Amino acid sequence: MRKTESREVSPLPEKIGILVVSYGARAAAMIDAFARSDNYRVEIYVADKQKNPFNVKQAKEHVVIPDLSIVQICKFAKRFKHKIDFGLVGPEKPIIEGIRDVVEQETDIPLICPTKEYALEASKVAQRLLFEKIVPEANPKFKVFDLKNFSTVAAVKEEVNKWLNQTGNEVAVKPDRPAAGKGVGVWGDHFNTREELVDHFMSNIEYGPVIIEEKIEGEESSFQAFCDGKHLAPLPETRDYKRAFDGDKGPNTGGMGSYKTVGDILPFMTTTDKEKEIEIVTQVFTELRRRATSTDLRGIPFYDAFIHTSTGPKLLENNSRPGDPEIQNILPILKDDFVDVCYKLLEGNLTRVNLQKRATVVTYKAPPNYAGFANAFSERVKTNEANTPIDLAQAEKLTGKYRDAIRIYPASMELRENGNAYALGSRAVCVVGVGNSISEAREVSLEGVDAIAGGSLWNRTDIASREHINRSIEHMKELRLSKK
Ligand code: GLY
């Protein structure tokens, strides 16, 4: 049933078809939320990066499109266009490439994700310039360098050094485009001397513009909001754990886990912090809304990483898709029927989303070849991951004990011909624990990850730990006192 048709009351739940574009566990959580619909009999059509064992089981039709090419996704959607009522897109790559524009034009299937023009992460430079215009107080100090504006390489180097003399060396170097050169580099992580910093910068500048911005000290939170194009429906705050290893050591990753409290804010935040975040995002939304059609921004156009400082939240980056793992903290505790939420997104009347007042903790397991684990902890690597099946059965059995309070979502895992599932190169599987407190949710999540057998999958053990949360609280207290 398409968005504009009226829904009739019928004794049997109505059958609908939903296209889901999947990269990993984020989409598994979406599919799971659809599968729990009471109001509809949902048939899922999945365009997937690989044969995700969870998605394969849930799907009416499943296709693997390893590069998530929008042409191939569109072909798949076209084949089932008379059965699919709408689509939901998980990862950013197809959004940046314009999946919404192409699929809606070619198939008439409405998609829930912003149009190509509003995939703000496509250009970090454009994003910073936009924020500077609308919310300068939330923007770190930054400067954009572009070889086109310099006659020699020596001249650009000189300008970089001048800028670093102003900011100090504690900066982040961010290429405009997601995959240029070596990517984002941060003082203290990727370089420890000015020379290394400038080398990192030079290895990127040949591919296009590069930003050098001040590194902000503070505590990070993830803001997400559903948007029907006209309204923002902010979701509770979540905290992502970007570093690979316990104690926030090791390289940055896609996120090794995350937590959400029973309420809307994080333990180190104040309600004013959240209000300020909403104010900042609303200002950006209002400006974009002036330029956009009433549906262009539909989806989760504002998944924003904020850093909380003594002078308020600063915007680290904006993405036009939900966070992974952050959306896994939200979807399992939706009180509303997720299909109805999506219809409201399509109809332009989603003003709020109702969630259970529960805490959630997500813990990811990853294979040894992810984030340098095998090098850092070689003694803990016992198996060749490529040939060792991952067994989720014991973890899945925990649903007998915890019912809805545990969810197991495979991510970078592949179901093979022999019926077994194997970890690939990235975060392999996450377990969501739900509870009446963070510690209760955390226990469930850890019990789940411990029950996953096979291979040498590893995970952080301090996601949402009391110690980690206390450190964040103390850090924020110090910052607020020192006004840093
Ligand atoms: N958790 C980081 C991201 O989704 O980009």
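**A look at helix α10 (residues 338–347)**
The periodicity of an α-helix, 3.6 residues per turn, causes residues three or four places apart in sequence to face the same way.
Logical step 1: With seven of its ten residues buried, α10 lies for the most part within the structure.
Logical step 2: Residues of α10 that are buried include every one of F338, V339, V341, C342, Y343, L345 and L346, and no others.
Logical step 3: Considering only its buried residues, α10 is in contact with β1 (14–22), α1 (25–35), β2 (40–48), β4 (86–89), β5 (111–112) and β10 (219–227).
Logical step 4: Capping of α10 at its N-terminal end is provided by D337; its side-chain oxygen lies 2.9 Å from the backbone amide nitrogen of V339.

**Focus on the nonpolar core**
Logical step 1: The biggest cluster of nonpolar side chains holds 47 residues, and the ones touching the most others in it are F34, F86, F226 and F338.
Logical step 2: Elements with a minimum of two residues in this core: β1, α1, β2, β4, β16 (299–309), α10, β18 (359–365) and β22 (429–435).
Logical step 3: Not counting residues within four places of it along the chain, the set of residues in contact with F226 comprises H231, L232, A233, L235, G299, I300, F338, L345, L350 and V353.

**Some words on the pattern of salt bridges**
Logical step 1: Overall, the coordinates contain 31 salt bridges when judged by the stated rule.
Logical step 2: Here D32 makes a salt bridge to R36, at a shortest N to O gap of 3.1 Å.
Logical step 3: What makes D32 buried here is its relative accessible area of 10%.
Logical step 4: Note that D273 is salt-bridged to R480, the shortest N-O span being 3.0 Å. Of the two residues, D273 sits in helix α9 (residues 271–291) while R480 sits in helix α14 (residues 466–482), which places them 207 residues apart along the sequence.
Logical step 5: Taken together, the shared-partner salt bridges in this structure form one network comprising D32, R36, D404 and R407.

**Some remarks on the site of the ligand**
Logical step 1: Looking at the ligand, the residues that line it are D240, K242, G254, Y303, R321, G323, D324, P325 and E326.
Logical step 2: A distance of 3.0 Å is found between a nitrogen atom of the ligand and a backbone nitrogen or oxygen belonging to G254.
Logical step 3: Calculation on the ligand without its partners gives an accessible area of 200 Å², and the protein chains cover 88% of this total.
Logical step 4: Grouping the constituent residues of the shell around the ligand by class yields two nonpolar, two polar and five charged.

**A closer look at the pairing of β1**
Logical step 1: When you tally the buried positions in β1, you get seven out of nine residues, the bulk of the element.
Logical step 2: Both β1 and β2 contribute to a ladder of nine bridges, which runs parallel. Opposite K15, over in β2, you have R41 as the bridge partner.
Logical step 3: Following the chain from β1 across α1 to the adjacent parallel β2, one finds a crossover that is right-handed.
Logical step 4: One ladder, built from four bridges, connects β1 with β4; its direction is parallel. Its bridge partner being in β4, V21 is matched across the sheet by V89.

**Thoughts on the confidence of the model for the protein chain**
Logical step 1: Per-residue pLDDT for the protein chain has a mean of 95; in total, 96% of the residues score no lower than 70.
Logical step 2: The least confident element of the protein chain is strand β8 (residues 185–186), whose mean pLDDT is 91; the most confident is β18, at 99.

**A word on the environment of A154**
Logical step 1: For A154, the location among the structural elements is in helix α7 (residues 153–167).
Logical step 2: Its relative accessible area of 53% is what places A154 among the exposed residues.
Logical step 3: Residues A154 and P11, spaced 143 residues apart in sequence, show a C-alpha to C-alpha distance of 74 Å.

**Focus on the packing of aromatic side chains**
Logical step 1: Tallied over the full model, the rule gives 18 aromatic pairs.
Logical step 2: With centroids separated by 5.1 Å and ring planes inclined at 90 degrees, the aromatic side chains of F245 and F377 adopt a geometry described as edge-to-face. With a gap of 132 residues between them, F245 in strand β13 (residues 243–245) and F377 in the loop between α11 (373–376) and α12 (393–402) connect regions that are remote in the sequence.
Logical step 3: Residue F245 is classed as buried on the basis of its relative accessible area, which comes to 11%.
Logical step 4: Judged by its relative accessible area of 24%, F377 is partly exposed.
Logical step 5: Here the aromatic cluster, defined as three or more aromatic residues joined through ring pairs, consists of F34, Y40, F86, F226, F338 and Y343.
Logical step 6: A cation over an aromatic ring shows up here: R239 above the ring of Y241, its NZ or CZ 5.9 Å from the ring centre.
Logical step 7: Residue placement shows R380 over the ring face of F377; its charged tip is 5.2 Å from the ring centre.

Criteria and cut-off values
- Residues numbered from 1 in each chain as written.
- Predicted model: local features only at pLDDT ≥ 70, side-chain atom pairs only at ≥ 80, totals over all residues.
- Heavy atoms only, no water.
- Buried < 20%, exposed > 50% of the residue type's maximum accessible area, 1.4 Å probe, protein only.
- Helix = DSSP H or I, 4+ residues; strand = E, 2+ residues; numbered from the N terminus.
- Contact = heavy atoms within 4.5 Å.
- Polar contact = N/O pair within 3.5 Å; in protein donor to acceptor, adjacent residues only side chain to side chain.
- Core = buried A, V, L, I, M, F, W, Y, C linked by side-chain atoms within 4.5 Å.
- Salt bridge = Lys/Arg side-chain N within 4 Å of Asp/Glu carboxyl O.
- Near = heavy atom within 4 Å.
- Areas by Shrake-Rupley, 256 points an atom, 1.4 Å probe, with all protein chains shown as cover.
- Nonpolar A, V, L, I, M, F, W, Y, C, P; charged D, E, K, R; others polar.
- Pairing = 2+ DSSP bridges.
- Right-handed = clockwise from strand over helix to strand, strands pointing away.
- pLDDT = per-residue confidence, 0-100.
- Phe/Tyr/Trp six-rings, centres within 6.5 Å; stacked < 30°, edge-to-face > 60°.
- Lys NZ or Arg CZ within 6 Å of the ring centre and 35° of its normal.

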